[in-house]
Amino acid sequence: MHGGVRIVLPEALRELAGGAGMIELSGEEGAGGAPARGAAGSSESVGGGAGTGDRERGTADGALGTVGGVLGALRAFRPGLYDRLMTEQGALRPHVNIFVDGENIRFTGGLGTRVGEDSEIFVLPAISGG
């Protein structure tokens, strides 16, 4: 992968990502185009873009080709964030919406939605109040 999959987090979830507003995961291309296995959870903080706060970069252990793969990689080094997004049965929590490049995954294949090497995943939990 030349770029990386970017996970953009709202303010409400940043505490679970060490304050980062964006997490960038990459998996390097290995022989035959398959992602090389990296060190799960290896990460570094770098300056963030406008409005994103700090950015965290990590190398994924395994494939990032689907939303489920990206979230599985996220689980390796941000388990609290993963648990806030996913149920114990491995399904997306009902109050969480995930968009890949502007499209809601509930209408594009759910966790099996394909993710490109430079895709942006935006996490949007439902917010309620009185």
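Computed from a predicted structure; not experimentally measured.

Asks: Requested: an account of unusual backbone geometry, with residues and values cited.
Replies: With a phi angle near 50°, Asp101 is a residue other than glycine that sits in the positive phi range. The residue Asp101 is located in the loop between strand S5 (96-100) and strand S6 (103-104) in this model. For Asp101, a relative accessible area of 49% translates into the label partly exposed.

Asks: Got a sec to walk through the pairing of strand S7 (residues 120-125)? Specific residues and values, please.
Replies: Side chains Ile121, Val123 and Pro125 of S7 all project onto a buried face; the interleaved residues Glu120, Phe122 and Leu124 project onto a face where none is buried. One ladder, built from 3 bridges, connects strand S1 (residues 5-8) with S7; its direction is parallel. Directly across from Arg6, in S7, lies its bridge partner Glu120. Strand direction decides the pairing type here: S5 and S7, joined by 5 bridges, are antiparallel. From the neighbouring strand, Asn97 faces S7, where its bridge partner is Leu124.

Asks: Describe the pairing of S5, and please don't skip the residues or the numbers.
Replies: By the alternation rule, side chains of S5 split into Val96, Ile98 and Val100, which are all buried, and Asn97 and Phe99, of which none is buried. In the sheet, S5 pairs with S6 via 2 bridges, with the strands oriented antiparallel. Bridging across to S6, Phe99 finds its partner in Asn104. In this structure, the hairpin formed by S5 and S6 is closed by a connection of 2 residues, where Asp101 is found at a positive phi of approximately 50°.

Asks: Help me get a handle on the confidence of the model for the chain, residues and values and all.
Replies: On average, residues of the chain carry a pLDDT of 78, and 68% of them reach 70 or more. When mean pLDDT is compared element by element in the chain, S5 scores highest at 97, while strand S3 (residues 42-46) scores lowest at 42. Every residue in residues 28-52 is under pLDDT 50, and counting partners more than four places away or in other chains gives 49 contacts.

Asks: A description of the side chain of Ser119 should follow, citing residues and the corresponding values.
Replies: As for its placement among the helices and strands, Ser119 is situated in the loop between S6 and S7. Judged by relative accessible area, which is 4%, Ser119 ranks as buried. Aside from chain neighbours lying at most four places away, what touches Ser119 is Gly4, Val5, Arg6, Val100 and Asp101.

Rules used throughout
- Residues numbered from 1 in each chain as written.
- Predicted model: local features only at pLDDT ≥ 70, side-chain atom pairs only at ≥ 80, totals over all residues.
- Heavy atoms only, no water.
- Helix = DSSP H or I, 4+ residues; strand = E, 2+ residues; numbered from the N terminus.
- Buried < 20%, exposed > 50% of the residue type's maximum accessible area, 1.4 Å probe, protein only.
- Pairing = 2+ DSSP bridges.
- pLDDT = per-residue confidence, 0-100.
- Contact = heavy atoms within 4.5 Å.

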